[in-house]
Amino acid sequence: MKLGVFDPLFQALSFEDMLDRVVAEGLEAVEIGTGNYPGNAHCDPSALLVDESKCRAFTKAVTDRHLIISALSCQGNPLHPQHEVAKRSHETFERTVELASKIGVDCVVVFSGCPGDGEGGRYPNWVVSPWPPDYQELIEWQWREKVIPYWREAVSFARQHGVRKIAFEMHPGFVVYNPRTLLKLREAVGEEIGANFDPSHLFWQGIDPVAAIKALGKAGAMFHFHAKDTALDPQNVAVNGVLDPLPLSDLANRSWLFRTIGYGHGELQWREIISALRLVGYDGVLSIEHEDALASIGEGLHKAVAFLKACMLCEPATEAWWV
């Protein structure tokens, strides 16, 4: 396994300065945003696809520093009921797949997206309750008419370009938000569907990351990993539960907060997560995603790197200990 970082936290830096910072932190990999929610501060696929010299310079800047690109990330909502929003997300996805194919990156990270409540809808409608009955009818319509048809075509496009890993971040607010919904889509669409496993979105849902990793690993669906933590506030959870639409900036009143690795869950939990990844055969990158409002970029990243390196000290055995 390698340790890497997701580049949006360095959006104020130039591409090469960002790569130098990654090297200075002792990391081996970088995940690069190509548009939609992550932005594309360091990588504009449309520009690189039409300029061979720029594309060569882009990849050379990475390899010259002995780094690898763990994934290209374009999380958006291609199922958005507003056509122009969906179109932008879709086009960014296709350009990202084309660039991944061109530069030899095998993994593209996405969100599943979320449709509205019908053909005339204006806003996404995320269904999390089975009752009243309208919700069951809506979720069946969303999957039958929007989710499965779109991703079947999108995966076919990726397959044609030789990109075999479409890694879904299981994110509440979108139709794929837990292992069950991810495996439902994988069964309907194909083995190119897998997980960009981000424990931070699972912790607050009450999902055990170790159990989830084992379930996804058994299905062959562990493609990429985001290293991000979540802290739950016991008092706020006790009063209001974990479904929390308060702004992420309302730190004191929220039921949960994104935190730097180790500030939501301790070393034992993270060692168990890393061990579970090894058990299911994941030998990819732990890509640090920094979204901790209580820590600066420098402090949060430095502490996450040190914490994860300590958790990764024990390398898997190359032969049985009893031999």
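Numbering of residues starts from 1 in each chain and follows the order in which that chain's sequence is written. Restriction of local features to residues with pLDDT of at least 70 applies here, the model being predicted, together with a cutoff of 80 or more for giving and counting side-chain atom pairs; totals for whole chains, interfaces and linings are based on all residues. Computation of side-chain values: all heavy atoms of the structure, hydrogens and water removed.

So, the overall build of the protein
Part 1: Helix and strand content of the protein: eleven helices and ten strands.
Part 2: We take the radius of gyration over the C-alpha atoms and set the globule estimate at 2.2 Å times the residue count to the 0.38 power. Computed over the C-alpha atoms, the radius of gyration of the protein is 20 Å, within 12% of the 20 Å expected from 2.2 N^0.38 for a compact globule of 323 residues.
Part 3: Judged by the C-alpha coordinates and their principal axes, the protein covers about 55 × 50 × 45 Å.
Part 4: Counting across all 323 residues of the protein, residues that qualify as buried make up 51%.
Part 5: This count recognises Lys and Arg as positive and Asp and Glu as negative, with His and chain-terminal groups excluded. The atom standing in for a charge is NZ when the residue is Lys, CZ when it is Arg, CG when it is Asp and CD when it is Glu. The distance from the centre of the 29 positive side-chain charges to the centre of the 42 negative ones in the protein is 3 Å. A run of DSSP states H or I qualifies as a helix once it reaches four residues; a run of E qualifies as a strand once it reaches two. Both are numbered from the N-terminal end. Exposure categories follow from relative accessible area, calculated using a 1.4 Å probe and restricted to protein chains: below 20% of the type maximum is buried, above 50% is exposed, and the middle band is partly exposed.

Topic: the sheet that holds strand 5 (residues 165-169)
Part 1: A strand pair is defined by DSSP finding two or more bridges across the two strands. Pairing in this closed barrel of eight strands is parallel, and the strands run 1-2-3-4-5-6-7-10 around the ring. Across the sheet, the axes of successive neighbouring strands diverge by a mean angle of 30°, strand direction being ignored.
Part 2: Across three bridges, the pairing between strand 6 (residues 193-197) and strand 7 (residues 222-227) is parallel. Looking across to strand 7, one finds that Asn196 is bridged to His224.
Part 3: Two residues form a contact once any of their heavy atoms are found within 4.5 Å. Only C-alpha atoms enter the line fits that serve as axes; for helices the fit covers just the stretch in contact. Angles between N-to-C directions range over 0 to 180 degrees. Docked against the sheet, helix 8 (residues 209-218) engages strand 6 and strand 7, running at close to 155° with respect to strand 6.

A short note on the packing of aromatic side chains
Part 1: For Phe, Tyr and Trp, rings pair up if their centres lie within 6.5 Å, where Trp contributes its six-membered ring, and each pair is then called stacked (planes under 30 degrees apart), edge-to-face (over 60) or tilted (otherwise). Under the counting rule described, the total for this entry stands at twelve aromatic pairs.
Part 2: With a centroid separation of 6.0 Å and 10° between ring planes, the pair formed by Phe197 and Phe225 is classed as stacked. On the criterion of sequence distance, the pair formed by Phe197 in strand 6 and Phe225 in strand 7 is long-range, its members being 28 residues apart.
Part 3: A residue is classified by how much of its surface remains accessible, and Phe197, at 0% relative accessible area, is buried.
Part 4: For a ring to carry a charge above it, either NZ of a lysine or CZ of an arginine must fall within 6 Å of the ring centroid while also lying within 35 degrees of the normal to the ring plane. In this structure, Lys228 is placed above the aromatic ring of Phe258, and the distance from its NZ or CZ to the ring centre is 3.8 Å.
Part 5: For Arg254, the ring lying beneath its charged end belongs to Trp256, and the centroid distance is 4.3 Å.

A closer look at unusual backbone geometry
Part 1: Here the residue pair Trp131 and Pro132 is connected by a cis peptide bond, since its omega of 5° sits within 30 degrees of zero.
Part 2: Tracing the backbone through its elements, the reader meets Pro132 in the loop between strand 4 (107-110) and helix 5 (133-160).
Part 3: Phi is positive for Asn36, close to 60°, though the residue is something other than glycine.
Part 4: Secondary-structure assignment places Asn36 in the loop between strand 2 (29-33) and helix 2 (45-50).
Part 5: The phi dihedral of His66 falls on the positive side, at around 60°, and the residue is not glycine.
Part 6: Along the chain, His66 turns up in the loop between helix 3 (52-63) and strand 3 (68-73).

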